[in-house]
Every structure is written in structure tokens, then in C-alpha cells.
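Spelled out from the first residue to the last, the chains are:
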Amino acid sequence: MTVGPSAFMALAALLFCIGLFGALSKKSAVMVLMCLELMTNGVNLNLVAISRFVTPESLAGQFTAAFIMVVAAAEIGLGLALVLALYRRTRTIELDRLDELKG
Amino acid sequence: MPESIAAIPFIILAAATLLGAAMVVLTRNVVHAAFWVLEVMMAVAGLFMLLSAGFLALVQVMVYAGAVTVLLIFTVMLTLRDREDAIRSRDLSWAAGGIALATLVAAGTAIVSFAPPIPKLPAVTPGVAEFGRLLFSGWALPFEIASVILLIALVGAVWWSGGER
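Residues numbered from 1 in each chain as written. Chains lettered and ligands numbered in written order. Predicted model: local features only at pLDDT ≥ 70, side-chain atom pairs only at ≥ 80, totals over all residues.

Undergrad: Could you give an account of the overall build of chain A, with specific residues and numbers?
TA: Along the backbone of chain A there are three helices and one strand. By the compact-globule yardstick of 13 Å for 103 residues, chain A is too spread out, its C-alpha radius of gyration being 17 Å. C-alpha atoms of chain A, sized along the principal axes, occupy 55 × 25 × 25 Å. Per-residue burial for chain A yields a buried fraction of 55% across its 103 residues. Long-range pairs, those at least 24 residues apart, make up 52% of the contacts in chain A with a sequence separation of at least 6. (Helix = DSSP H or I, 4+ residues; strand = E, 2+ residues; numbered from the N terminus. Rg over C-alpha atoms; globule rule 2.2 N^0.38 Å. Buried ≥ 20, exposed ≤ 12 C-beta atoms within 10 Å, placed from the backbone. Contact = placed C-beta atoms within 7 Å.)

Undergrad: An account of the nonpolar core is requested, with residue identities and associated values reported.
TA: As a rule of thumb, soluble globular proteins bury nonpolar side chains together. With 69 residues, the main nonpolar core has Val30(A), Met34(A) and Val24(B) as its most contacted residues. Elements that contribute at least two residues to this core include exactly α1 (5-25), α2 (29-54) and α3 (60-90) of chain A together with α1 (7-26), α2 (30-50) and α3 (54-78) of chain B. If near-sequence neighbours (up to four positions away) are discounted, Val24(B) is found in contact with Gly22(A), Met34(A), Cys35(A), Leu38(A), Ala33(B), Trp36(B), Val37(B) and Val40(B). (Core = buried A, V, L, I, M, F, W, Y, C linked by C-beta atoms within 7 Å.)

Undergrad: Give me the interface of chain B and chain A: which residues, what numbers.
TA: Frequently, the measure chosen for interface size is the accessible area removed from exposure when the parts meet. Between chain B and chain A, the residue contacts involve 68 residues of the former and 60 residues of the latter. Of all the elements, α3(B) adds the most residues to the side of chain B that touches chain A, at ten residues. Across the side of chain B that touches chain A, the residue classes break down as 54 nonpolar, twelve polar and two charged. (Nonpolar A, V, L, I, M, F, W, Y, C, P; charged D, E, K, R; others polar.)

Undergrad: Lay out the domain arrangement of chain B with the relevant residues and their values.
TA: Structurally, chain B comprises domain 1 (1-88 + 109-120) and domain 2 (126-165). Its C-alpha centre places domain 1 of chain B at a distance of 22 Å from the equivalent point of domain 2 of chain B. (Domains from an automatic or database assignment.)

Undergrad: Go over the confidence of the model for chain A with me, naming the residues and quoting the values.
TA: A low pLDDT score tells you not to read the predicted coordinates there in detail. Here chain A shows a mean pLDDT of 88. Residues at 70 or above account for 99%. Within chain A, the lowest mean pLDDT, 79, falls on strand β1 (residues 2-3) of chain A, and the highest, 92, falls on α1(A). (pLDDT = per-residue confidence, 0-100.)

Here's what the structure looks like:
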């Protein structure tokens, strides 16, 4: 028994949507960043799977996934640094309580 | 190199991925959520191995399972004042669920309408050596840009998280 690209695409879509749900509903800044990582992983899985099934010899999907990993690593590093700076200034990372700009 | 992808390892790894992702969203403890993220990363690395992307699986384990999870756990620990702060309310909102469900339906429709036949996979896929050769020839410019991005992110992270000046 074998699986085709559709199974990988469905799995990647589910992973992305679970991450999206968490990123939109969580109230803690760290939890939102964790859910963003889940979404990135869904995208990478899709890229690698399609690359494997459609054009395995050019490796284009794998290179794109590798560069997405670089950007995601930069994003999580900067995001967590921002969370720490925010915590030092306001003593909270609850997104509900960061409402200074609210009119 | 296998000419097809066996269903049983795929189902095990897919179940591990989805279980971990669901637990990240559903668990009430932030520290547990960080460890479930680690589990998802390892399962996705296994899926990369299944897709014969060995180098990406290695990078996934080093960067995500290694560095990112450690960073997440450090930040969780640094921003909690006591042990009870790790337990949170579940924070699930209907609007977010609606948006995620709509995205899932859109993606599902796209997958069903795309519906490629299961192709006969080529027996030989390029290995790590070919990956490295291509990375430093055709993909050299994106590689250099990526290194600049990482440098800027490093400096920015130090600048933002550094002490008061």
C-alpha cells in the first residue's frame, strides 16, 4: 500500500489550519509564536512533498523549504527577543493587556 | 531508493504530527505545549526522511527540535513569575475556529480538484552531495541573502533582548 501526494497535502493543510487556529485564538505571545511554527512546518511539508512527487531531480522544493527554515529561525529568534523586551517593559505577555494604542 | 512511499510509516508519522499539533492547541500548560511542539518537529523530520529529503530532516532536527524549542522553553521560563502562571485558560475562540475551518475547506477543495495521480516515483533521487553542489552553484545568491538575514536577525535579537542601556 502506498500514499500519493494528496495524502501529504491533506496532512500539511491540517497542520497549517491547526496552527492558524492556535495563532488566532491564543492569548499568550509565546503560544502564538509556537503556533506560527506549526504553520511554517505545514508549508515546508507541502513543498518537500510536491518536490518529491513532481520534480525530484531539480530539488527546487527542498531548497525553498531550507530557505523558509532560515527565515522561520530568524522570525522565532526576533519574536522571542521582542517578547522578552515586552515582558521587561510591561511585566506581562498577555496580548489582551497590551492595549495602550487602543482608541 | 524506494519507488513509492509506504502507507504504514506515513500513517504513524501523520498521526504523531496531528496529535502533537492538536495537543499544542489544547493543552493548558505552556511548558507542555513547548514539548508538544518538539514532538511535532520530530514527526515532521520523520516525514522528510520518508520523502527522501535527508538533509532537510537533519536541519529540521537541529534547527527546530534543537534550537527553536530550547529558545521557546527559555522564553517561557523567563516570562513566568511562578509555577502556577504556566497553567492558562484554554483560550479557544469561535471566530478563530471559523477562519481556520474556512481555510481548511478552501485547501481541501484545492487538493481534491488538483488530485494528481500517484506517479511512479523515479528510482534515484539526488542525495546530499547533489544538494550541496546545487546549493553553491545555482542557489548561491539566495544562500548569501539567507546568511545576511540570519546576521541581521542575530544582531536584532541581541539588541532587543539586551539589558537596559
